[in-house]
Amino acid sequence: MRDPLTNCSHNKVYKNLMEFTQNGENFCKQVTAVLQQRSNLEISYAKGLQKLAMKLSKVLHSTKKNCLTIAWNWASEGMKSSADLHQKLGKAIQLEAIKPTYQVLSAQEKKRKALDNEVKKTADLVISNWNQQIKAKKKLMVSTKKHEALFHLVENSKQSVTKKEKQKLLNKLKKSTEKLAKEEENYYQKNLAGYSTRLKWEKTLENCYQSILELEKERIQLLCNNLNQYNQHISVFGQTLTTCHTQIHCAISKIDAEKDIQSLLEETAISSTETKSEFLLTDYFEEDPNNAMDKERQKSSIKSKLLRLQRDIEKASKDKEGLERMLNAYSSNSSFSDGKSQKDTAALMDETNLKLDLLQANSYKLSSVLAELEQRPKPPHPCSTCIFKWKEKEQTHSYVKISRPFMMKRLENVMSKASSGGQSNPSSSSLASDVAQLSNGLCKALYSFQAREEDELNLEKGDIVAIHEKKGEGWWFGSLNGKKGHFPAAYVEELTSNTGNTATQP
C-alpha cells in the first residue's frame, strides 16, 4: 500500500534534520571522549611530575644550600607548579566540560525521544486515516453497485410482480438506500478527517523541527563554551609556565660558581689548617742492636749512608733556595709569569720541602743509632718527637709524622696568588661591564614576585619601583616602599619619561 508520507517535503526536511542532529550528537560524544582521555592524561602526568618534584626537593633538602641548589629549588618549584596546573586542567576538563556535556546530551536525548514519539503518533494517525478512507471507499463502491442493481430490479419488475412482492422490493430498496447513505457519510467524514490529521501531523512536524533546532543550537553553544573554557585554561597554563621559566632563568643568572666553591671550602675546612701525614723511613740491618755485625763495620756502613743522605740534603736545600728566589720574583713582578707558572712553582716548592723533611728525618734516625754505637749523646733535631716505630710480626718499622698544609687551604692559597698576580675574575668583569647607572628611572610590576633572598624585593602586580641599577643576567636593583633590593627584570615593564612623571615615586 502506498505510504502517503514518504515523498512529503515536510517529512524529508525533518528526516534530514534528525540525521544532522544524530551526526552532531556523535561528534559531541567523540569530542567528549577525547577530552576525557586528555583529562586522564593530565591527572596521571600531574601525579608523576609531583613525585619527581618531591624527589628533587628531598635531594635538595639534604644538600648544602648554595647558589646552585637555590636555582635547582626553583626547578623543583616549577615542577610542583606544573603538576598543580596539569591537575587543575584535568579536573577542570572533567567538571566544566565532560560532566555538563553528558548531562546536556542525556537531557536532549530524552527530549528528542518525546518529540519523535509525538511525530510518530501523529504520523500513525495520518496513515490510519488514509487506510480507513481506502477501506471505506471500497466498501461504498460495493454497496453502491448492489444498490443500483436492486434499483434496476425494482424498476424492471413493476409490471410483472404482485403487489405484495413489489412492496417487499420497495422495502428492500429503502433499506439499501439508507445503508448507502450511512456508508457515504462515513466515507465523507473520514475524508474530511484526513485533512485534519494531516494538518495536525504537519503542525507537529513544524513544532518538533523548531524544538530540535533549539536543541541543536544548545549543543553547538555547549561545544563552543567548552572550547572557549579549554582555551582559557591553556592560556593561563602557558602564562604560568612562562613565569616558572622566568623564575628559573633568573635563578640561573644568579649562580656564582666561585661563591659556591668558597662556601664549599668554608664548609669542609677543619679547625687546623695543617694535618700530620705519616711516611715510612728507611730501616737498615745495621740499625738493629741485636745483629751479629762487628760494631766497626756497623759504624762504617752507617756513616756511608749518612754521607749519601747529606749530599741529597744539600742538593734539596739548593733547590729550595732557587725556588724561593723564583717565587719572590713572581711576587715582586707579576709580569714575569702567569697563574699556571706560579701554581707549578708552588707545587715544586711543596714537593722539595717534603723531600727535605724526609731526608732530614732519615739522617737524624741514622745519626741517633751512630751516637749510641759511639756512646755519645743523640744529636738534637726538631723531628725527634715525630719519629715512631711499630712491630709487625718479626720486623720493626719506622715512620715519621710530618706537618702538611691542608689540601683545600693550599688550593685557596694558589687561587689567591693567581688572583693577586693580575688574573681577573671573568664573571666579575663581565658583570661590571653590564652595569648601567640610571637616575630616577621607574618601572611597573607586571607579575607578583616572592623574594627568596634577603637582598630581593617582594613585588605585587602594579607596583611602581624606582630603578637604581640595571644589572646583567636579568636582574635589576631598585627601591620600593623604602626598601632596596634586587628583582627580576622580566617581571617589570620600564615606564617612559612621560609615564614616569605621572607615576608616584616609591
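Remember, it's a predicted structure, so these values are computed and weren't measured experimentally.

## Some thoughts on the overall build of the protein chain
And step 1. Each helix and strand counted, the protein chain has nine helices and eight strands in total.
And step 2. The buried share among the 506 residues of the protein chain stands at 32%.
And step 3. Considering only contacts within the protein chain whose residues lie at least 6 apart along the sequence, 70% involve residues at least 24 apart.
And step 4. Here the protein chain displays about 33100 Å² of accessible surface, and carbon together with sulfur accounts for 54% of that area.

## Focus: the side chain of Thr-101
And step 1. Within the secondary structure, Thr-101 is located in helix 2 (residues 67-156).
And step 2. Among all residues touching Thr-101, those that are not within four sequence positions of it are Cys-28, Thr-32, Leu-222 and Asn-226.

## Let's talk about the packing of aromatic side chains
And step 1. For the structure shown, the criterion picks out six aromatic pairs.
And step 2. The interplanar angle of 70 degrees and the centroid separation of 5.4 Å between the aromatic rings of Phe-449 and Tyr-491 together place this pair among those described as edge-to-face. Taken together, the positions of Phe-449 in the loop between strand 4 (436-445) and strand 5 (464-470) and Tyr-491 in the loop between strand 7 (483-488) and strand 8 (492-494) put the pair 42 residues apart, joining distant regions of the chain. Here the two residues Phe-449 and Tyr-491 agree in accessibility, since each one is buried.
And step 3. Centre to centre, the rings of Trp-476 and Phe-487 are 6.3 Å apart; their planes meet at 80 degrees, and the pair counts as edge-to-face. Residue Trp-476 is located in strand 6 (residues 475-480), and its partner Phe-487 is located in strand 7; the two are separated by eleven residues in the primary sequence. Residue Trp-476 shares its accessibility class with Phe-487, and that shared class is buried.
And step 4. Connected via pairs of aromatic rings, a cluster forms that spans Tyr-447, Phe-449, Trp-475 and Tyr-491.
And step 5. The aromatic ring of Tyr-284 is capped on one face by Lys-305, whose charged end is 4.8 Å from the ring centroid.

## Remarks on unusual backbone geometry
And step 1. If you check the backbone angles, Gln-375 has positive phi at about 55 degrees while not being a glycine.
And step 2. By secondary structure assignment, the location of Gln-375 is in the loop between helix 6 (339-373) and strand 2 (387-392).
And step 3. By relative accessible area, Gln-375 is classed as exposed at 73%.
And step 4. Its identity as a non-glycine residue notwithstanding, Asn-481 has a phi of 55 degrees, on the positive side.
And step 5. Mapped onto the elements, Asn-481 comes out in the loop between strand 6 and strand 7.
And step 6. Looking at Asn-481, the relative accessible area reads 67%, which means it is exposed.

## Some points on the packing of helix 1 (residues 9-61) against helix 2
And step 1. With their axes 7 Å apart at the nearest point, helix 1 and helix 2 run at an angle of 160 degrees to one another. When the axes of helix 1 and helix 2 are compared, the pair comes out roughly antiparallel. Viewed along their axes, helix 1 and helix 2 form a crossing whose handedness is left-handed.

## Things to note about the pattern of salt bridges
And step 1. A complete count under the given rule lists 17 salt bridges for this structure.
And step 2. Residue Glu-287 is joined to Lys-365 by a salt bridge in which the shortest nitrogen-to-oxygen separation is 2.6 Å. Of this pair, Glu-287 sits in the loop between strand 1 (274-280) and helix 5 (295-332) while Lys-365 sits in helix 6; the two residues are 78 residues apart in sequence, bridging distant segments of the chain. In this structure, Glu-287 and Lys-365 share a single accessibility class: buried.
And step 3. With a shortest N-O distance of 2.6 Å, Arg-376 and Glu-374 are connected by a salt bridge.

## What to know about helix 6
And step 1. If you check helix 6, its first and last C-alpha atoms are 52 Å apart, about what 35 residues at 1.5 Å a residue would give, namely 51 Å.
And step 2. Remark: Gln-375 follows helix 6 within two positions and exhibits a positive phi of approximately 55 degrees.

## Re a positive patch on the surface
And step 1. Residues Lys-135, Lys-139, Lys-146 and Lys-179 make up a contiguous surface patch of positive charge.
And step 2. Counting residues per element, the positive patch draws most heavily on helix 2, which supplies three residues.
And step 3. Structurally, Lys-139 is set in helix 2.

## Topic: the nonpolar core
And step 1. Cys-443, Leu-457, Leu-459, Val-465, Trp-476, Phe-487 and Val-492 are the most contacted members of the largest nonpolar core, which has 15 residues in total.
And step 2. Counting only elements with at least two residues in this core, the list comes to strand 4, strand 5 and strand 6.
And step 3. Take this core: its biggest share by element is three residues, from strand 6.
And step 4. Contact partners of Leu-459, with chain neighbours within four places excluded, come to Ala-445, Tyr-447, Ser-448, Phe-449, Val-465, Leu-480, Phe-487 and Val-492.

Definitions and limits used
- Residues numbered from 1 in each chain as written.
- Predicted model: local features only at pLDDT ≥ 70, side-chain atom pairs only at ≥ 80, totals over all residues.
- Heavy atoms only, no water.
- Helix = DSSP H or I, 4+ residues; strand = E, 2+ residues; numbered from the N terminus.
- Buried < 20%, exposed > 50% of the residue type's maximum accessible area, 1.4 Å probe, protein only.
- Contact = heavy atoms within 4.5 Å.
- Areas by Shrake-Rupley, 256 points an atom, 1.4 Å probe, with all protein chains shown as cover.
- Phe/Tyr/Trp six-rings, centres within 6.5 Å; stacked < 30°, edge-to-face > 60°.
- Lys NZ or Arg CZ within 6 Å of the ring centre and 35° of its normal.
- Axes fitted to C-alpha atoms, helices over the stretch in contact; angles between N-to-C directions.
- Parallel < 35°, antiparallel > 145°, perpendicular 65-115°, else oblique.
- Left-handed = near helix turned anticlockwise from the far one by under 90°.
- Salt bridge = Lys/Arg side-chain N within 4 Å of Asp/Glu carboxyl O.
- Expected span 1.5 Å × (residues − 1).
- Patch = residues over 30% accessible without salt bridge, like charges linked within 9 Å, V, L, I, M, F, W, Y side chains within 5 Å.
- Lys, Arg positive; Asp, Glu negative; His and termini not counted.
- Charge placed at Lys NZ, Arg CZ, Asp CG, Glu CD.
- Core = buried A, V, L, I, M, F, W, Y, C linked by side-chain atoms within 4.5 Å.

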